[in-house]
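Residues per chain are reported as follows:
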Amino acid sequence: MLDVSSLAAACKRNGTLLVLDVSQSCGAIPMNVRSLGADFIVCAGYKYLLSPWGQASCGRGRKTWISLRPGPYNWLSQGVESFAAPQLCGSGTCANAERWDSAEAASIYNFNLTVMEASAKFVLDAGPALIRDHNQALIDYFFERLPEGYRLASPRQASQRGVFGCIEVGSRGDTESLYQNAARRAVRGCPP
């Protein structure tokens, strides 16, 4: 597990913005994104949030948005509250993520937002803690049954590792043998 608080503090001391990609953990590990200290949080929705391909999220507070140079100026970057009465001669770009809005480029994915909302609700109802505990039990099961010659590359303690369990082997031949054995047993991710 990444010590995000220490990383965020170091970035803040150096005046560096921290962009944290939580794609590999959002939905599978309980987290309070406000307490992480990142300037931006990004997440691919198709992983543990079970959303359609092409859906993602990006978020942060108003102060961070204002500090960044806006994207190309267009009628949507002014912050359209109503498509029936857009403010086409506003005072400039929005102070939030709308300042980079480009609906024409993203409109093919708008249908998926309904699906993403439903999948996120499903994950929240199940609870990231339940998903984490299930994943950790599977990783522990796997680690306990490793054949001789394989080493853990992930920490043994569940509290110190993320949602994956990684192993190492002694040589390329060992790696190829492991892969072939997994493929013969139809382990997910290995073609037969």
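Structure shown above.
Residues numbered from 1 in each chain as written. Predicted model: local features only at pLDDT ≥ 70, side-chain atom pairs only at ≥ 80, totals over all residues. Heavy atoms only, no water.

Caption draft 1: A look at the nonpolar core. Grouped together as the largest cluster of nonpolar side chains are twelve residues: Val4, Ala8, Cys11, Leu18, Leu20, Val22, Leu36, Ala38, Ile41, Cys43, Leu49 and Val123. Looking at this core, the elements with two or more residues in it are α1 (4-14) and β2 (40-44). The element best represented in this core is α1, accounting for three residues. Residues Ile139, Phe143, Leu146 and Val169 belong to the second largest nonpolar core, which totals five residues. (Core = buried A, V, L, I, M, F, W, Y, C linked by side-chain atoms within 4.5 Å. Buried < 20%, exposed > 50% of the residue type's maximum accessible area, 1.4 Å probe, protein only. Helix = DSSP H or I, 4+ residues; strand = E, 2+ residues; numbered from the N terminus.)

Caption draft 2: Region of the structure containing the packing of aromatic side chains. Applying the stated criterion across every chain yields a total of one aromatic pair. A centroid spacing of 6.1 Å and a plane angle of 40 degrees characterise the contact between phenylalanine 142 and phenylalanine 143, whose relative ring orientation is tilted. Residue phenylalanine 142 is classed as partly exposed on the basis of its relative accessible area of 39%. (Phe/Tyr/Trp six-rings, centres within 6.5 Å; stacked < 30°, edge-to-face > 60°.)

Caption draft 3: Layout of the side chain of serine 51. With respect to the helices, strands and loops of the structure, serine 51 is situated in the loop between β2 and β3 (56-59). A relative accessible area of 7% means that serine 51 is categorised as buried. For serine 51, the residues in contact, after removing those within four places along its chain, are Gly45, Tyr46, Met116 and Ser119. (Contact = heavy atoms within 4.5 Å.)

Caption draft 4: Structural view of helix α6 (residues 172-184). With 13 residues, α6 extends 18 Å from end C-alpha to end C-alpha; this agrees with the ideal 18 Å at 1.5 Å per step. Just downstream of α6, alanine 186 is the residue with a positive phi angle, here 60 degrees. (Expected span 1.5 Å × (residues − 1).)

Caption draft 5: Representation of the pairing of β2. β2 sits mainly inside the fold: four of its five residues count as buried. The pairing of strand β1 (residues 19-21) with β2 spans three bridges and is classified as parallel. Residue valine 19 lies in a different strand from β2, and its bridge partner there is phenylalanine 40. (Pairing = 2+ DSSP bridges.)

Caption draft 6: Local environment of the environment of aspartate 140. Following the sequence through the fold, aspartate 140 ends up in helix α5 (residues 128-144). Since its relative accessible area comes to 27%, aspartate 140 is described here as partly exposed. Residues aspartate 140 and arginine 156, spaced 16 residues apart in sequence, show a C-alpha to C-alpha distance of 7.9 Å.

Caption draft 7: Representation of the state of the cysteines within the structure. Applying the stated rule across the entire model yields zero disulfides. With no disulfide partner, cysteine 26 has as its closest neighbouring cysteine sulfur the one in cysteine 43, 4.1 Å distant. (Disulfide = S-S within 2.5 Å.)

Caption draft 8: Broad picture of the side chain of serine 119. Within the element layout of this structure, serine 119 appears in helix α4 (residues 112-126). By relative accessible area, serine 119 is classed as buried at 10%. Polar contacts involving the side chain of serine 119 include one to the side chain of serine 51, which spans 3.0 Å. The contact partners of serine 119, leaving out residues within four places of it in the chain, are Leu49, Leu50 and Ser51. (Polar contact = N/O pair within 3.5 Å; in protein donor to acceptor, adjacent residues only side chain to side chain.)

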